Structure formats: C-alpha cells, structure tokens
Amino acid sequence: LFGATFRVRLSVVAAGGGMIGWHSDANVLESGRLILHIPVQTSPWVFNRLGNVLFQMPEGRIHWADYSLPHSVYNADPSVDRVHLLLEVLAVGNEMFERHFLSELEPEVRQMLSEAAIPEGGRPEDWGPLGLRFARSVGRVMTQGFAALYGGEGRTLEGEREVWRGLFGVVAG
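These numbers were taken from a predicted model, which means no experiment stands behind them.

The rules we used
Residues numbered from 1 in each chain as written. Predicted model: local features only at pLDDT ≥ 70, side-chain atom pairs only at ≥ 80, totals over all residues. Heavy atoms only, no water. Pairing = 2+ DSSP bridges. Helix = DSSP H or I, 4+ residues; strand = E, 2+ residues; numbered from the N terminus. Axes fitted to C-alpha atoms, helices over the stretch in contact; angles between N-to-C directions. Salt bridge = Lys/Arg side-chain N within 4 Å of Asp/Glu carboxyl O. Buried < 20%, exposed > 50% of the residue type's maximum accessible area, 1.4 Å probe, protein only. Contact = heavy atoms within 4.5 Å. Polar contact = N/O pair within 3.5 Å; in protein donor to acceptor, adjacent residues only side chain to side chain. pLDDT = per-residue confidence, 0-100.

Participant: How should I be thinking about the sheet that holds strand β2 (residues 19–23) in this particular structure?
Facilitator: Backbone-to-backbone hydrogen bonds join strands into a sheet, with any given pair of strands oriented parallel or antiparallel. An order of β2-β7-β4-β5 is seen for the four strands of this open sheet, with the pairing classed as antiparallel. Two strands close off the open sheet at either side, each with one partner strand: β2 and β5 (53–55). Strand-to-strand twist across the sheet, computed as the mean angle between neighbouring axes with direction ignored, equals 20°. The pairing of strand β4 (residues 46–50) with strand β7 (residues 71–75) spans five bridges and is antiparallel. The residue of β7 that forms the bridge with Val46 is Asn75.

Right, dumping it as structure tokens:
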C-alpha cells in the first residue's frame, strides 16, 4: 500500500500531561523519506508544536509535517493516551506511494511534497528555499545544543513540561 518503507512504529504519549520533548528528526528529508502520522487514538487536548506552530492531528486522516524542524507533543487529556502509527515512507521514486496517495492530491500539494522529500545524496543548496534551509540547519543545531545541555535528544528539557501545563494544564476528568 505504501511501497518502500523504513521504520514503522507506534508512538504513545500518556494521558495526564505526557509529552515528547523538543527534538528534530535528522536525515529524514535528506534520504528522501516522509514521516506519516496515522492517529489511532487521540483527543482534542493533544497539542503538537512544530517550530512556533501549534496544531492537532485528528483521527481518520494521514498527517505529514516537516519533522526536520524542532517539534514536541503534549497530552493534556486526563484519561486518553495519544497513540499514532508512524510510517517512514520513501517519497521519491516510490510508485505505490505515488499511485495510492500522491496521485489523489492537488498538483500544487503533490509538487510541494515531492520538493520537500530530498533524494539521497542531494546537495544542501538544493534543499528548498533559503529560509527553510536556514530554519532546518538552525533547528538541528539548537536541538543538538539542548541535547548536550540536558542529557540527550528527545528528553524533556528542564521547565518544558511546566510551560505546556501553564498553557493548557491537564483537563479535569
């Protein structure tokens, strides 16, 4: 159905304030992959942050974002775990993915996804508009710097959970 895939996994963010700390996914776009999220179980109280954008991923759809940029997830629901099936799909030269998914998209959206998935061995100067190339490189350096300061990439930064709770709390059950 998806054609060439890499990692396939379940991602669970526990109810009651669970979170995935601020991080970026290295070498995803450079190898021509897209990370697709398929929400299996979620809540309106699960918040995703990609750069400075907050958004939600409702069930019943396949979601994609540029996860080479720094991102995190917070679950303010008191009783519902957030469960996503994550698929890393080869986006360039993948006939099955093109046929089953990309061909149904508007031509502009299909072109944007194709341009975002960089073929393996691509040169940095070919990795999209200058602003996006800059954001990716700064995001990668920031994530690595935070990881060095706080003991490992993807770990919760000191105070990060308090910021999320200050914004959204944990919804009373």
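Participant: It is not clear to me how the environment of Met57 should be interpreted in this structure. Could you clarify?
Facilitator: Here Met57 is to be found in the loop between β5 and β6 (63–64). Between the alpha carbons of Met57 and Pro39 there is a distance of 6.9 Å; along the sequence they are 18 residues apart.

Participant: What should I look at first to understand the sheet that holds strand β3 (residues 33–41) in this one?
Facilitator: Across the sheet, which stays open at both edges, the four strands sit in the order β1-β8-β3-β6 with antiparallel pairing between neighbours. For this open sheet the edge positions go to β1 (5–13) and β6, each flanked by a neighbour on one side alone.

Participant: What's the story with the pattern of salt bridges in this structure? I'm lost.
Facilitator: Between side chains of opposite charge, a pair can form when the charged atoms approach closely. As enumerated under the stated definition, the model contains four salt bridges in all. Among the ionic pairs, Glu88 bridges to Arg33, the shortest N-O distance being 2.3 Å. Of this pair, Glu88 sits in strand β8 (residues 82–90) while Arg33 sits in strand β3, placing them 55 residues apart in sequence. On the basis of relative accessible area, Arg33 is assigned to the buried category, the value being 13%. Counted as one network, the salt bridges with shared partners bring together Arg7, Arg9, Arg33 and Glu88.

Participant: Would you explain the environment of Gln56 in this entry?
Facilitator: Here Gln56 shows up in the loop between β5 and β6. Given the relative accessible area of 39%, Gln56 is considered partly exposed. With 14 residues separating them in the primary sequence, Gln56 and Thr42 have C-alpha atoms 9.3 Å apart. Residues within four places of Gln56 in sequence aside, it is in contact with Ser43, Pro44, Trp45, Val46, Phe47 and Asn48. A distance of 2.2 Å separates a polar atom in the side chain of Gln56 from the backbone oxygen of Pro44. A distance of 3.5 Å separates a polar atom in the side chain of Gln56 from the backbone oxygen of Val46.

Participant: Just checking my understanding: could you explain the confidence of the model for the chain for this structure?
Facilitator: If pLDDT is low for a region, its predicted coordinates should not be looked at in detail. Chain-level statistics for the chain give a pLDDT mean of 77 and a share of 70% at 70 or above. Mean pLDDT in the chain bottoms out at helix α3 (residues 130–150), which sits at 57, and peaks at β1, which reaches 94.

Participant: Just checking my understanding: could you explain the side chain of Asn75 for this structure?
Facilitator: Among the structural elements, Asn75 can be located in strand β7. By relative accessible area, Asn75 is classed as buried at 0%. Polar contacts involving the side chain of Asn75 include one to the main-chain carbonyl oxygen of Val80, which spans 2.9 Å. Apart from residues no more than four positions distant in its own chain, Asn75 is found in contact with Val13, Ala14, Ala15, Gly16, Gly17, Gly18, Trp45, Val46, Val80, Asp81 and Arg82.

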